[in-house]
Amino acid sequence: APSYDYLLVDKRGESGCVGLVTLNRPKALNALSDPLMIELNSALQTLDADPTVAAIVITGSDKAFAAGADIKQMEDQQFVDCLKVNFLDHWNGITKIRKPVIAAVNGYALGGGCEVAMMCDIVLAGEKAKFGQPEIIIGTIPGSGGTQRLTKAVGKSRAMQMCLTGDMITAQQANDWGLVSSIHPPDKLVDEAIKLGERIATHSKVVVAVCKEAVNSSFELSLGEGVKFEKRLFHATFALNDRKEGMTAFVQKRKPNFTDT
Ligand code: CO8
């Protein structure tokens, strides 16, 4: 297995069906440097390609999921440096992963850390988690989807307030606003995320991937186009053995035996 400088990668859950990626740069509160993000993309791609893995959990430490892009790396950077390498373009690698990705956020999810959490498919929070887009405080703005995904998640007024003040919100607020789907005691959070991954793992992996694609298309398409696309994907499941198996198992009152075909 590949080894990483800034990540711990493990397989958990029944038969190792859930990939667990732990951001591990404790000295900088998991600040998301270029090398860290390159490793994260690579670890996610490896787990995405692993046929035994059904879902992936990304977590950080108790203190920080991730405290944002690396400010020390950016301090002396010029516009032309950003332009030349299309700075942070590779961050959206997470959104190319076809298996469900669950963020388990304990501690700070700030700036790029909040953006990474929002690129995941499901976000679970520990009771002490804090979310924020503090870029405005350091003279910039969110650069990896913060102004877009946060607005879609919590609405304009709340997103504006967060982006314009830079103030953090609590796990409770994030839950009330729909940014996360549930809150857990900090020491139970990762286990809960893995349980959720295991639950998803009981389904057909191909159908899960199709379902994820359909939900995500709602962010890109008009309602009419989205519903049309969904309908065709729904029809497409009828080409799968797992669609037939799922319905036959229901009719025969037994558990389905999915083969991911
Ligand atoms: N980058 C680099 N180092 C960091 C970062 C960061 N984002 N966050 C924390 N660290 C480092 C600190 O410098 C410190 O290091 P050292 O011990 O060497 O001084 C160490 O981590 C511990 O941090 P603190 O001492 O500050 O810990 P506290 O518990 O006192 O405070 C906070 C914790 C509140 C999280 C505080 O560290 C903080 O405010 N961090 C910065 C948060 C922030 O502003 N994040 C947004 C960054 S910008 C961003 O993410 C933009 C993303 C997209 C950019 C697109 C550009 C094109």
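The preceding data block contains the structure.
Owing to the predicted nature of the structure, the values given are computational and were not obtained by experimental measurement.

Looking only at helices and strands, one finds 11 helices and 10 strands in the chain. The dimensions of the chain, computed from C-alpha atoms along their principal axes, are 65 × 45 × 40 Å. When each of the 261 residues of the chain is scored for burial, the buried share is 42%. A separation threshold of at least 6 residues defines the contact pool for the chain, and within that pool the share at least 24 residues apart is 67%. Split by element, the accessible area of the chain, about 14200 Å² in all, is 56% carbon and sulfur. Each charge class in the chain was averaged separately, 29 positive and 30 negative side chains, and the resulting centres sit 7 Å apart.

A few words on the environment of Met160. Mapping Met160 onto the fold places it in helix H6 (residues 156-165). The spacing of Met160 and Thr147 is 13 residues in sequence and 8.2 Å in space, taken between C-alpha atoms.

What follows deals with the packing of helix H4 (residues 112-119) against helix H5 (residues 146-154). When two helices pack together, you describe them by how their axes are tilted relative to each other and by the distance separating the axes. Across the interface, H4 lies against H5 with an axial gap of 10 Å and an inter-helix angle of 55 degrees. In terms of orientation, H4 and H5 fall into the oblique class. The handedness of the crossing between H4 and H5 comes out as left-handed. On H5, the residues that touch Glu115, Met118 and Met119 of H4 are Gly146, Arg149 and Leu150. Each residue belonging to the contact of H4 with H5 can be placed in one class, and the counts come to 3 nonpolar, 1 polar and 2 charged.

Below, the discussion takes up the pattern of salt bridges. Tallied over the entire structure, the rule returns 9 salt bridges. As a salt-bridge pair, Asp50 and Lys11 come within 2.7 Å of each other at their nearest N and O atoms. Residue Asp50 is located in the loop between helix H1 (34-49) and strand S3 (55-59), and its partner Lys11 is located in strand S1 (residues 7-12); the two are separated by 39 residues in the primary sequence. Exposure remark for Asp50: the relative accessible area of 17% places this residue in the buried category. You can call Lys11 partly exposed: its relative accessible area is 38%. A salt bridge links Asp260 to Lys205, with the shortest nitrogen-to-oxygen separation between them at 3.3 Å. Within this pair, whereas Asp260 is found in the segment after helix H11 (241-251), its partner Lys205 is found in helix H9 (residues 205-217), the two being separated by 55 residues in sequence.

When the terminal C-alpha atoms of H1 are compared, their 23 Å separation across 16 residues agrees well with the 22 Å that a helix rising 1.5 Å per residue should span. Three or more residues of H1 are buried, namely Leu36, Met37, Glu39, Leu40, Asn41, Ala43, Leu44 and Leu47. Contacts from the buried residues of H1 go to S1, strand S2 (18-23), S3 and H4.

So, about the packing of aromatic side chains. The geometry of an aromatic ring pair is captured by two quantities: the separation of the ring centres and the angle between the planes. Counted under the stated rule, the structure contains 1 aromatic pair. Between Phe234 and Phe238 the ring centres are 5.4 Å apart and the planes differ by 80 degrees, which places this aromatic pair in the edge-to-face class. Positioned above the aromatic ring of Tyr6, the side-chain terminus of Arg25 is 6.0 Å from the ring centre.

Turning our attention to the side chain of Ser33. Relative to the helices and strands, Ser33 is located in the loop between S2 and H1. In this view, Ser33 contacts Arg25, Asp70 and Gln73; residues no more than four positions away in its chain are not counted.

Glancing now at the pairing of S3. Working note: regular strand, side chains alternate between the two faces of the sheet. Buried residues dominate S3, accounting for 5 of its 5 residues. Burial of the side chains of S3 extends over both faces: Ala55, Val57 and Thr59 are buried on one face and Ile56 and Ile58 on the other. Pairing of S2 with S3 involves 5 bridges; the strand directions are parallel. Its bridge partner lying in S3, Thr22 is registered against Thr59. Tracing the backbone out of S2, into H1 and back to the parallel element S3 gives a crossover that is right-handed. Note that S3 and strand S5 (residues 101-105) share 4 bridges and pair parallel. Residue pairing across strands places Ile56 opposite Val101, the latter belonging to S5.

Rules of the game
Residues numbered from 1 in each chain as written. Predicted model: local features only at pLDDT ≥ 70, side-chain atom pairs only at ≥ 80, totals over all residues. Heavy atoms only, no water. Helix = DSSP H or I, 4+ residues; strand = E, 2+ residues; numbered from the N terminus. Buried < 20%, exposed > 50% of the residue type's maximum accessible area, 1.4 Å probe, protein only. Contact = heavy atoms within 4.5 Å. Areas by Shrake-Rupley, 256 points an atom, 1.4 Å probe, with all protein chains shown as cover. Lys, Arg positive; Asp, Glu negative; His and termini not counted. Charge placed at Lys NZ, Arg CZ, Asp CG, Glu CD. Axes fitted to C-alpha atoms, helices over the stretch in contact; angles between N-to-C directions. Parallel < 35°, antiparallel > 145°, perpendicular 65-115°, else oblique. Left-handed = near helix turned anticlockwise from the far one by under 90°. Nonpolar A, V, L, I, M, F, W, Y, C, P; charged D, E, K, R; others polar. Salt bridge = Lys/Arg side-chain N within 4 Å of Asp/Glu carboxyl O. Expected span 1.5 Å × (residues − 1). Phe/Tyr/Trp six-rings, centres within 6.5 Å; stacked < 30°, edge-to-face > 60°. Lys NZ or Arg CZ within 6 Å of the ring centre and 35° of its normal. Pairing = 2+ DSSP bridges. Right-handed = clockwise from strand over helix to strand, strands pointing away.

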